[in-house]
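So the chains spell out like this:
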Amino acid sequence: MDALGKLYNSTTIVTMNAGGKMNGIAVAWITRVSINPPMIAISIGKARYSHKLLNETDKFGVCIMEKSAKEIVVLFGTKSGRNYDKFAGIDYSLSKNDVPILPGTLAYIECQIKSKADAGDHTIFIGEVIDQKVFKDEAPMLYGEHRILL
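These notes cover the structure that comes with them. Computed from a predicted model, the values in this text were never measured in an experiment.

1. Thoughts on the nonpolar core
- Val14, Ile42, Leu54, Phe60 and Val62 are the most contacted members of the largest nonpolar core, which totals 21 residues.
- Broken down by secondary-structure element, the contributors of at least two residues to this core are β2 (12–18), β3 (21–27), β5 (39–45), α1 (49–54), β6 (59–65), β9 (105–119) and β10 (122–134).
- The element best represented in this core is β9, accounting for four residues.
- Among all residues touching Ile42, those that are not within four sequence positions of it are Val14, Trp29, Ile30, Leu54, Phe60, Thr123, Ile124 and Phe125.
- Judged by nonpolar contacts, the second largest core, of 15 residues, contains Ile13, Val73, Val99 and Met141.

In structure tokens form, the structure reads like this:
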């Protein structure tokens with residue numbers, strides 16, 4: 001066990017729609033970075049298909065997942081959108097900006113990308129919150145100890 005494993009976060013799926021190319025990726029590396037205006041940062045691996053799409057669009061969504069949504073989190077965390085349609089057979093909806101919102105979403109935050117920062121093998125995408133919704137008032141699924149915690 002290492003000290004980094006003691007950092008706990010909500011388990012999320014970051015979604016995007018780049019000119020009709022939709023994808024999503026399970027992300028635990030997310031944090032608030034500003035109160036006024038409200039902003040969050042997500043860290044996405046440079047080798048990921050989602051990284052490519054985030055560089056082709058100006059918005060992303062953050063689906064904060066409920067504890068019962070482990071199956072969809074595993075799907076979005078283990079399959080690559082380069083060669084697999086993660087949305088096939090899933091009853092998702094689209095935000096007013098056409099960003100996917102997944103089933104099992106406890107709360108949703110949509111952001112306009114404002115800046116990017118190099119972070120080793122990841123890029124930090126900083127987004128200003130342009131919309132948010134709470135669907136259920138309960139605790140989210142957590143990620144810590146290098147795994148999903150229920």
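2. Some thoughts on the sheet that holds strand β1 (residues 9–10)
- The sheet built from three strands is open, its strands ordered β1-β11-β12 with antiparallel pairing. Looking at strand neighbours, the two that pair on one side only are β1 and β12 (147–149), the edges of this open sheet.
- The pairing of strand β11 (residues 142–144) with β12 spans three bridges and is classified as antiparallel. Bridged to Tyr143 within β12 is Ile148.

What counts and what doesn't
Residues numbered from 1 in each chain as written. Predicted model: local features only at pLDDT ≥ 70, side-chain atom pairs only at ≥ 80, totals over all residues. Heavy atoms only, no water. Core = buried A, V, L, I, M, F, W, Y, C linked by side-chain atoms within 4.5 Å. Buried < 20%, exposed > 50% of the residue type's maximum accessible area, 1.4 Å probe, protein only. Helix = DSSP H or I, 4+ residues; strand = E, 2+ residues; numbered from the N terminus. Contact = heavy atoms within 4.5 Å. Pairing = 2+ DSSP bridges.

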